[in-house]
Amino acid sequence: MWINSLFKILLSLFTEFRPHLAHLLLMPISPLLMWGPVTHLYLNKRALDKINPDEIEDENTREILLDENLRKIFINGGNSVDLIKANDLRNRERCFEYAHNTIPNYFTGDPVMGRYLLEEIEKSGNDPMKRAWAFGWLAHQVSDGFAHKIPHSGCEGWVNSRRVLAGCYRPETGDESVSIAAARIQLYVADHWLAEMLTDSLCYSRERDFIDSFKIDLSIPTKDEVFTASKRILLGFEKQLGPGFVYFEPLSEDKLREIVTYNHLIILCSLDVYRAILKAYPGLDFEKYIARSPRMSRLDELLDNSINAIVKMLKNPKDPWNPDDWLPDGGNNFKFSVYEYERIWRPGRFTFGRKFGLLGWIYYNKSTDRLIDWVRDLAATYDFWPLMKFGISVLYGRGKSQWPIAGTFIRKLINEKPSSVQNTMASVAKHCRLEKYEEIIPD
């Protein structure tokens, strides 16, 4: 009898501390297995390939097209903005998301940070390397307009409209509890990750030779221009920033540099996941998997629009973004808002800032930083997918939150090789015991 009681206690403790155990055993390679680093490299590279330098009147942008080193800096600069998200993952500091177009409002996506950054670089001497990097930053913001801002199927952006889990969303009601709304938010997050992961895998399959031979460099060439540009935003957009997720603190180059190694590790691990997926779907099989999936409809349109917008940005650097050129008929109206999560995760309900206690001590010390450096170097040489597969299988085997859903989707995609996204999700829903509802956005 006492053995059964002890077993129940141990099982309860494991269930309670499983998320923390996952971070400790697999940190830093398991926090995010679905990311978007390849897509921005892909978009920036293809935009450059599409432009004839003779078509460019602006000397600064033509220099990027003609100089091989500046081209590489511009392409790598496409991943600079996501250092902000990596800082959130690593340090639990939900700061600086206004750099992802959240002002002056969520939906038109004016790339204020990128515009200011170029202006500050021009003031400080217009160094070509800084300028190429800033244009890469601006290209990220411009292309993010289509993924996260421009209306699709009544949602903010193509990614939020995909609803891979569409049949598993609870019906929305005005008087629902916070716990029910939070459960739907976890499906939003899993959907968002999975749509980005599938897009990233497709872009990787199309530019694999280039990506595999390309040296990923996340170094920050600016001195104080990022800090000055973000400070301008805080001073000029204080009312629009609102409460939400934003800490009123300027973004600094030091903050970005502190997270470079961690973000590089995430990218290397993401590439290992994509290689495992494409090994399961060789040749054009992954293209066919996407093509058979209504949930991925209009993906090529999304990518083509993003490339064309970056081309237009490079040709017109003084006027880099006009949402009216891309808004569909019906204007800028939304029926389904992912951003309603702010009423759940607002200050007072979400714990901002770093972890404390034992976990905080483990997360934030020089030994952990050295561990990240060491693991990053290993990831550059070895395939980490077997370790990641073990981690998400053991620690995120079942459950209805974003982690087990996304982890199960990746495992089934690779192990079972379903023919489409909807078939993959049907298997995931059964495994994770998700409830079936009427689809919010049908195929």
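Just so it is clear, the model here is predicted, and its values are computed rather than measured.

Trainee: I'd love a proper account of the overall build of the protein, names of residues and values included.
Mentor: The secondary structure content of the protein amounts to 21 helices and 2 strands. When the 443 residues of the protein are sorted by exposure, 55% land in the buried category. Contacts spanning at least 24 positions in sequence make up 79% of the contacts within the protein whose residues lie at least 6 apart. Total accessible area on the protein stands at roughly 20100 Å², and carbon and sulfur atoms take up 54% of it.

Trainee: Now, about unusual backbone geometry: what can you tell me, with residues and values included?
Mentor: The phi torsion at Arg163 lies on the positive side, around 45°, for a residue other than glycine. On the secondary structure map, Arg163 appears in the loop between α8 (158–162) and α9 (178–206). Phi at Lys417 is positive, roughly 50°, even though this residue is not glycine. Positionally, Lys417 belongs in the loop between α20 (402–415) and α21 (421–432).

Trainee: Which residues make up the pattern of salt bridges, and what are the values?
Mentor: Within this structure, the stated rule accounts for 23 salt bridges. The shortest N-O distance in the salt bridge between Arg71 and Asp49 comes to 3.4 Å. Linking Arg71 in helix α4 (residues 68–77) with Asp49 in helix α2 (residues 37–50), this pair joins segments that are 22 residues apart in sequence. The shortest N-O distance in the salt bridge between Arg115 and Asp110 comes to 3.1 Å. Relative accessible area serves as the criterion here: at 25%, Arg115 is assigned to the partly exposed category. Through salt bridges with shared partners, a single ionic network connects Lys45, Arg46, Asp49, Arg71 and Glu207.

Trainee: Now, about the packing of aromatic side chains: what can you tell me, with residues and values included?
Mentor: Tallied over the full model, the rule gives 10 aromatic pairs. On the basis of an interplanar angle of 40° and a centroid distance of 4.9 Å, the ring pair of Trp193 and Trp403 is categorised as tilted. Here Trp193 is found in helix α9, whereas its partner Trp403 is found in helix α20, with 210 residues between them in sequence. A ring pair is formed by Tyr281 and Tyr289, whose centres lie 5.2 Å apart and whose planes are at 55°; its orientation type is tilted. Under the relative-accessibility criterion, Tyr289 is labelled buried at 0%. When the ring centre of Phe210 is taken as reference, the NZ or CZ atom of Lys45 above it lies at 5.3 Å. The positively charged end of Arg163 is found above the aromatic ring belonging to Tyr169, 5.2 Å away from the centroid.

Trainee: Got a sec to walk through the confidence of the model for the protein? Specific residues and values, please.
Mentor: Across the protein, the average pLDDT comes to 82, with 79% of residues at or above 70. For the stretch residues 25–33, pLDDT sits under 50, and the model shows 30 contacts to residues farther than four places along the chain or on other chains. Every residue in residues 344–350 is under pLDDT 50, and counting partners more than four places away or in other chains gives 16 contacts.

Trainee: Got a sec to walk through helix α14 (residues 260–280)? Specific residues and values, please.
Mentor: Note that an α-helix has 3.6 residues per turn; residues three or four places apart therefore point the same way. Helix length check: α14, at 21 residues, gives a terminal C-alpha distance of 31 Å against a target of 30 Å (1.5 Å per residue), a fit within 8%. Within α14, 19 of the 21 residues are buried, leaving the element largely enclosed by the surrounding structure.

Trainee: Now, about α2: what can you tell me, with residues and values included?
Mentor: Taking 1.5 Å per residue, 14 residues should reach 20 Å; α2 reaches 21 Å between its end C-alpha atoms and fits that length. With 11 of 14 residues buried, α2 is to be regarded as a mostly interior element. All buried positions along α2 are accounted for by Pro37, Val38, Thr39, His40, Leu41, Tyr42, Leu43, Asn44, Lys45, Ala47 and Leu48.

Trainee: Tell me what's going on with the nonpolar core, and back it up with residues and numbers.
Mentor: Phe74, Trp137, Leu198 and Phe409 are the most contacted members of the largest nonpolar core, which has 115 residues in total. Residue contributions to this core peak at 14 residues, all from α14. In this view, Leu198 contacts Phe286, Tyr289, Ile290, Met296, Phe409, Leu413 and Val421; residues no more than four positions away in its chain are not counted.

Trainee: I'd love a proper account of the state of the cysteines, names of residues and values included.
Mentor: Applying the stated criterion across every chain, the model contains 0 disulfides. Here Cys432 is not cross-linked by a disulfide; its sulfur's nearest cysteine counterpart is in Cys168, at 9.3 Å. A residue is classified by how much of its surface remains accessible, and Cys432, at 3% relative accessible area, is buried.

Trainee: Explain the environment of Ser153 residue by residue, including any values.
Mentor: Checked against the element boundaries, Ser153 lands in the loop between β1 (151–152) and β2 (155–156). In the structure, Ser153 is positioned 181 residues away from Phe334 in sequence and 8.4 Å away in space, judged by C-alpha atoms.

Trainee: Got a sec to walk through the packing of α2 against helix α16 (residues 299–315)? Specific residues and values, please.
Mentor: A pair of packed helices can be characterised by two numbers: the angle between their axes and the separation between those axes. One can describe the packing of α2 onto α16 by two numbers: an axis separation of 9 Å at closest approach and a directional angle of 55°. Classified by the interaxial angle, the pair formed by α2 and α16 is oblique. With respect to the hand of their crossing, α2 and α16 are arranged in right-handed fashion. The segment α2 lies against α16, with Thr39, Tyr42, Leu43, Asn44, Arg46, Ala47, Leu48 and Lys50 engaging Leu303, Ser306, Ile307, Asn308, Ile310, Val311 and Leu314.

Trainee: Explain a nonpolar patch on the surface residue by residue, including any values.
Mentor: Taken together, the side chains of Leu387, Phe390 and Val394 present a nonpolar region at the surface, about 280 Å² in accessible area. Assignment of secondary structure puts Phe390 in helix α19 (residues 385–395). You can call Phe390 exposed: its relative accessible area is 52%.

Trainee: Lay out the packing of helix α3 (residues 59–66) against α4 in plain terms, naming residues and giving numbers.
Mentor: For the pair α3 and α4, interaxial distance at closest approach is 5 Å and the crossing angle is 100°. Judged on the interaxial angle alone, α4 and α3 are roughly perpendicular. Residue-level inspection shows Glu63, Ile64, Leu65 and Leu66 of α3 in contact with α4, the latter providing Glu68, Leu70, Arg71 and Phe74. Partitioned by chemical class, the residues of the contact of α3 with α4 number 5 nonpolar, no polar and 3 charged.

Conventions used here
- Each chain carries its own residue numbering, running from 1 in the direction its sequence is written.
- In keeping with the model being predicted, local features are shown solely for residues with a pLDDT of at least 70 and side-chain atom pairs are shown and tallied solely at 80 or more, while totals for entire chains, interfaces and linings include all residues.
- The basis for every side-chain value is the complete set of heavy atoms in the structure, and neither hydrogens nor water enter the calculation.
- Each helix corresponds to a stretch of at least 4 residues labelled H or I by DSSP, and each strand to a stretch of at least 2 residues labelled E; elements are numbered beginning at the N terminus.
- Only protein chains enter the calculation, and the probe is 1.4 Å; a residue is then buried if its accessible area is under 20% of its type maximum, exposed if over 50%, and partly exposed in between.
- We call two residues contacting when some pair of their heavy atoms lies within 4.5 Å.
- Using the Shrake-Rupley algorithm and a 1.4 Å probe, accessible areas are obtained, with residue cover drawn only from the displayed protein chains.
- A pair is scored as a salt bridge if a Lys or Arg side-chain nitrogen falls within 4 Å of a carboxyl oxygen belonging to Asp or Glu.
- Note on ring pairs: Phe, Tyr and Trp rings are taken, using the six-membered ring of Trp, and paired if centres are within 6.5 Å. Classes follow the plane angle, with under 30 degrees stacked, over 60 edge-to-face and the rest tilted.
- Charges are assigned to positions over rings by a cutoff of 6 Å between ring centre and Lys NZ or Arg CZ, combined with an angular limit of 35 degrees from the ring normal.
- Per residue, pLDDT captures the predictor's confidence, and it can take any value from 0 to 100.
- To estimate how far a helix should reach, multiply one less than its number of residues by 1.5 Å.
- To qualify as a nonpolar core, a set must consist of buried Ala, Val, Leu, Ile, Met, Phe, Trp, Tyr and Cys residues joined through side-chain atoms within 4.5 Å.
- When the sulfur atoms of two cysteines come within 2.5 Å, that pair is taken as a disulfide.
- Between the N-to-C directions of two axes lies an angle of 0 to 180 degrees, each axis being a line fitted to C-alpha atoms and, for a helix, fitted only over the stretch in contact.
- We call two directions roughly parallel when the angle between them is under 35 degrees, roughly antiparallel when it is over 145, roughly perpendicular when it lies between 65 and 115, and oblique otherwise.
- Crossing handedness follows the turn of the near helix against the far one: under a right angle anticlockwise gives a left-handed crossing, and clockwise gives a right-handed one.
- Patch members must show over 30% relative accessible area and no salt bridge, and they are joined within 9 Å when carrying like charges or within 5 Å when they are nonpolar side chains of Val, Leu, Ile, Met, Phe, Trp or Tyr.
- Ten residue types, Ala, Val, Leu, Ile, Met, Phe, Trp, Tyr, Cys and Pro, are classed as nonpolar, four, Asp, Glu, Lys and Arg, as charged, and the remainder, Gly among them, as polar.

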